[in-house]
Amino acid sequence: IMVNGGKLNLQAPEIVRRTADGIVVRPKARLDIDWEKTVIGTGGPRVAVGLFRLGAISNDNAVVIKTAHRYGAGRKDGSNYIIARGRVPFFAPRTPGIFIFRLLDAQQPANRKVYGISCTMTVAVGWSDLLEQLDQAVESLTAKNDSSIKFIKPTILTNLIAIFSELPRATKVRAEYFASCRDRTAQCIFAIDTFLQRQQPGPSCLAAMRKAGEFQLDDDTEQEKSDNQFSQARKSRELHVAIYTLYYSLITSGGGRSLLEESKNEANLIVQRLQCWDPVLEEFWPDAAAKQRQIERGSLYPRIFAQSAEQYLVNIDALDIAAKRALPRIVPGDEFFQSRDITRRRVEDYLKKRVHPDLHLHVFGSSVNLFGAAGADLDMCASLPAAELAAFSSHARLLAEQDLEKNDLQAPWRLLIKRIGQVLSEASFVVPGATKIRDTARVPIVLFEDQDTGLDCDVSTHNPLALRNSQLLRTYASIDWRVRAVAYVIKLWAKARNINSPTDATLSSYGYILCVIFFFQSACDPPLLPSLQRLPPDWPNASSGQCPAQFTDHPFEMNKSVDLYFHQLEDAQANDFRTLRAAAKANKKTVAQLVAAFFDFYAWRFDFRKHAISIKHARPFSKTLKAEYALWPPNGRLAIEDPFETWYDVAHVLKQHTHNLIHVEFMRADHILKTFKPHADTGPVDILEALCQERQQVHLDAPQQRPVEDDDDDDDILHDLANELNNTSVI
């Protein structure tokens, strides 16, 4: 991945397998790292290649760093830039784990700049190396049997996760060797569970008991808590997450299942622990009873599989009928777009006469992307040819005697927006006194209210990103009508449940639309939508499969460029449009089935801690990789990559408690659709009313009235596993 003019390509002669984010190799495997760096002339900084554990927050924590000698160079066409390149040999580490290579500035060892990063490299052991690795883990876990030690060294759990997540099922393994591996695995599990019970704070201890209502702490005790406790709570959560990941790897990987078949006590312990896992808080509850109390309070919901929910099919039919009734009322018709275009033309004509004859207004956002609501603002941006803008700003400076910062990309536009605001404040079609000029904002803008239509309008500076983004969403919406239908149901639900306000640290409508598109790309079988940004221009007749880059300078940020390419669908009769629509129609699910699958996906299937939503890649994108080259903070909250400003997290406004709230709301919706029973004297629209029942603004931990009581057991893989462990059959 190119970050700052550099690029790394990881070559390995013997690859175990490829993953979505990289490769899997064996310990001590031979590696070659090909590097490139763009420099000016024959100079440029000396570079080095460093091997790091994935997620290492500092360049000082390298496993090994090697100087990268330049072996060749090539000139970029028509420029003074030289592409320096070379190759550095490495060996994979002896210990398992996930690693990454970084291209660094060798002349600044204290604070090396990262020029590029490689794909991920997972070092996975086979059965021949397993016993040695388990011996080391047991030694590390049992070296200091001191009850005051509450936390395990993170690398121990990371290594064990890497071991068992890639370990194949045991075949042709000597009985004595297998027995030794089994015994060491049991020792690791026992030692780890001892740490889990010992560590504090966390649900296994005092904090969870307080959350479960078993007892309350008095004010004096609360007052005595230090800032250090926050750090301990963070470490506690990270420990719980790592142990959960390890336990789940053990019961799902072939090698782990082979070992657990012969270790019934440890296997039953894992099952009991996993049944106490809280997917919202990302912590283990002390026991199943404490977790059940959380469920009864409405702060958590049990997972129910559709095939085990008798009411599910009835509710899906009811939701389909309710959606057909509701959608005509909430999806805007042609008059929505016509009235906004009339307003745009009226404002544009006025500004042409009063500001500049070459000025144009372009609508973007919800008024044009096919996902807008009736009360949406009319967002417009002004455009002016570069030469005319320069002449205008020069003249305006003279009149205003105003010196603007040289590095301010918006300086000419600020003058234009100020002039636009001044003339709009005098317009007869603008509500008097309602014009607000914000020419010093990061994005200069004028806000006003149109007197004829009552629309809240704004005019901002020329923004090719916003225009292109609106075109992208509109194209996705045009492929299949169910895309808009599901999006409007989700927006209706989010607004009713009070989780649709960035000012309150919840997700914007734009964020939910990206969630819907991503769901159609990655969680539907077959997918309804592709990634338009990864379809070449001549698709579906493409031979090379290459997508051309359409880079433009970022309008508001210095030294940043954005690739605006995506495959445009302009002719409904063209082969590409017909092919995409035919592919979407291959999915026969109704709107209600898709809505239900949407909630099930985000309630239970999407890994918020591990992955970010990316409609550009049309698959879950590694958050650890995002932390590598976009500096995203490592946490378990919902993260959504903007399709063009890929370094920007659309969900960055979320706090931990509001992420938890949204996650619980996904669970609640999924639970309702699988268990709700309408009253006999009411119509099927009740299911939508139950789904969109207005939520009061209460804290997540406050008791809430459950819409449905469910007496069924949590029917998932853990129950099946427990039953198998109690018998002699394999896991």
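Cut-off values and rules
- Residues numbered from 1 in each chain as written.
- Predicted model: local features only at pLDDT ≥ 70, side-chain atom pairs only at ≥ 80, totals over all residues.
- Heavy atoms only, no water.
- Core = buried A, V, L, I, M, F, W, Y, C linked by side-chain atoms within 4.5 Å.
- Buried < 20%, exposed > 50% of the residue type's maximum accessible area, 1.4 Å probe, protein only.
- Helix = DSSP H or I, 4+ residues; strand = E, 2+ residues; numbered from the N terminus.
- Axes fitted to C-alpha atoms, helices over the stretch in contact; angles between N-to-C directions.
- Parallel < 35°, antiparallel > 145°, perpendicular 65-115°, else oblique.
- Contact = heavy atoms within 4.5 Å.
- Nonpolar A, V, L, I, M, F, W, Y, C, P; charged D, E, K, R; others polar.
- Salt bridge = Lys/Arg side-chain N within 4 Å of Asp/Glu carboxyl O.
- Phe/Tyr/Trp six-rings, centres within 6.5 Å; stacked < 30°, edge-to-face > 60°.
- Lys NZ or Arg CZ within 6 Å of the ring centre and 35° of its normal.
- Pairing = 2+ DSSP bridges.
- Expected span 1.5 Å × (residues − 1).
- Polar contact = N/O pair within 3.5 Å; in protein donor to acceptor, adjacent residues only side chain to side chain.

Turning to the nonpolar core, a few remarks are in order. In terms of nonpolar packing, the biggest core is built from 90 residues, with Trp 493, Phe 520, Phe 599 and Tyr 602 touching the most fellow members. Listed by contribution, the elements that provide at least two residues to this core are helix H10 (312-330), helix H14 (464-479), helix H15 (481-496), helix H16 (509-522), helix H17 (575-585), helix H18 (591-605), helix H20 (656-675) and helix H21 (686-691). Examining the composition of this core, we find that 11 residues originate from one element, H18, more than from any other.

As a packed pair, H10 and H20 sit with axes 6 Å apart at the nearest point and diverge in direction by 105 degrees. Our classification of the angle between H10 and H20 gives roughly perpendicular. The segment H10 lies against H20, with Tyr 312, Asn 315 and Leu 319 engaging Ile 672, Leu 673, Lys 674 and Thr 675. Its residues placed into classes, the contact of H10 with H20 shows four nonpolar, two polar and one charged.

Under the criterion given, the structure shown has 25 salt bridges. Arg 87 serves as the salt-bridge partner of Asp 34, at 2.6 Å between the closest nitrogen and oxygen. You can see Asp 34 sitting in strand S4 (residues 30-40) and its partner Arg 87 sitting in strand S8 (residues 81-91), a full 53 residues away along the chain. Taking relative accessible area as the criterion, Asp 34 reaches 19% and is therefore assigned buried.

The subject of this paragraph is the environment of Ala 12. Looking at the element boundaries, Ala 12 is found in the loop between strand S1 (6-11) and strand S2 (17-18). Distance from Ala 12 to Val 24, taken between C-alpha atoms, is 9.5 Å for residues 12 residues apart in sequence. With near-sequence residues (within four places) excluded, Ala 12 lies in contact with Ile 23, Val 25, Arg 30 and Leu 31.

The next subject is the packing of aromatic side chains. Following the criterion strictly, the structure yields 24 aromatic pairs and no others. On the numbers, 6.2 Å between centres and 85 degrees between planes, the contact of Trp 493 with Tyr 512 is edge-to-face. Of the two residues, Trp 493 is situated in helix H15 and Tyr 512 in helix H16; the sequence distance between them amounts to 19 residues. Neither Trp 493 nor Tyr 512 differs from the other in exposure class; each is buried. Here Trp 493 and Phe 599 contribute two aromatic rings whose centre-to-centre distance is 4.8 Å and whose plane-to-plane angle is 70 degrees, an arrangement assigned as edge-to-face. A residue pair is termed long-range when its members are at least 10 positions apart, and Trp 493 in helix H15 and Phe 599 in helix H18 qualify at 106 residues. Joined through ring pairs, the aromatic side chains of Trp 493, Tyr 512, Phe 518, Phe 519, Phe 520, Phe 598, Phe 599, Phe 601, Tyr 602, Phe 606, Phe 608 and Phe 666 make up one cluster. Just above the ring of Phe 91 sits the side chain of Arg 30; from NZ or CZ to the centre is 6.0 Å. It is Lys 626 that lies over the ring of Phe 621; its NZ or CZ is 5.4 Å from the centre.

Here is the key point about a regular strand: its side chains alternate between the two faces of the sheet. In terms of residue burial, strand S18 (residues 456-460) counts as a mostly covered element, since four of its five residues are buried. Two strands pair when backbone bridges link them, and strand S15 (residues 378-383) and S18 are joined in this way by four bridges, in the parallel orientation. Within S18, the residue paired with Cys 381 across the bridge is Ser 460. Pairing analysis gives five bridges linking strand S17 (residues 445-449) to S18, with the strands arranged antiparallel. Looking at S18, one finds that Ile 445 is bridged to Ser 460.

Glancing now at the sheet that holds S15. Across the sheet, five strands lie side by side as S14-S15-S18-S17-S16; this open sheet has mixed pairing. The two strands at the open ends of the sheet, each matched to only one other strand, are strand S14 (360-364) and strand S16 (436-438). Shown here is a sheet whose adjacent strand axes are inclined to one another by a mean of 25 degrees, direction ignored. Here helix H11 (residues 334-354) sits on the sheet in contact with S14, S15, S17 and S18, set at roughly 155 degrees to S14. Here H14 sits on the sheet and contacts S14 and S15; the angle it forms with S14, its principal contact strand, is near 45 degrees.

With 16 residues, helix H1 (residues 127-142) ought to run about 22 Å at 1.5 Å a step, and its terminal C-alpha atoms sit 23 Å apart, in line with that. Residues of H1 that are buried: Trp 127, Leu 130, Leu 131, Gln 133, Leu 134, Ala 137, Val 138 and Leu 141. In this fold, the buried residues of H1 make contact with helix H2 (154-166), helix H3 (175-198) and helix H7 (254-260).

Across its 16 residues, H15 extends 23 Å between first and last C-alpha, which sits within 8% of the 22 Å expected from 1.5 Å per residue. Of all 16 residues in H15, 13 are buried, a share of seventy percent or more. Where H15 begins, one side-chain oxygen reaches toward the backbone nitrogen of Arg 482, 2.8 Å away; that side chain belongs to Asp 480. Following H15 by one or two positions, Asn 498 has its phi on the positive side, about 60 degrees.

Another point: unusual backbone geometry. The residue after Asp 525, namely Pro 526, is reached through a cis peptide bond having omega 0 degrees. Along the chain, Pro 526 turns up in the loop between H16 and strand S19 (551-553). Between Trp 539 and the following residue, Pro 540, the backbone shows a cis peptide bond with an omega angle of 5 degrees. By secondary structure assignment, the location of Pro 540 is in the loop between H16 and S19. Of note in this structure, Asn 498 is not a glycine but carries a positive phi near 60 degrees. As for its position among the elements, Asn 498 is in the loop between H15 and H16.

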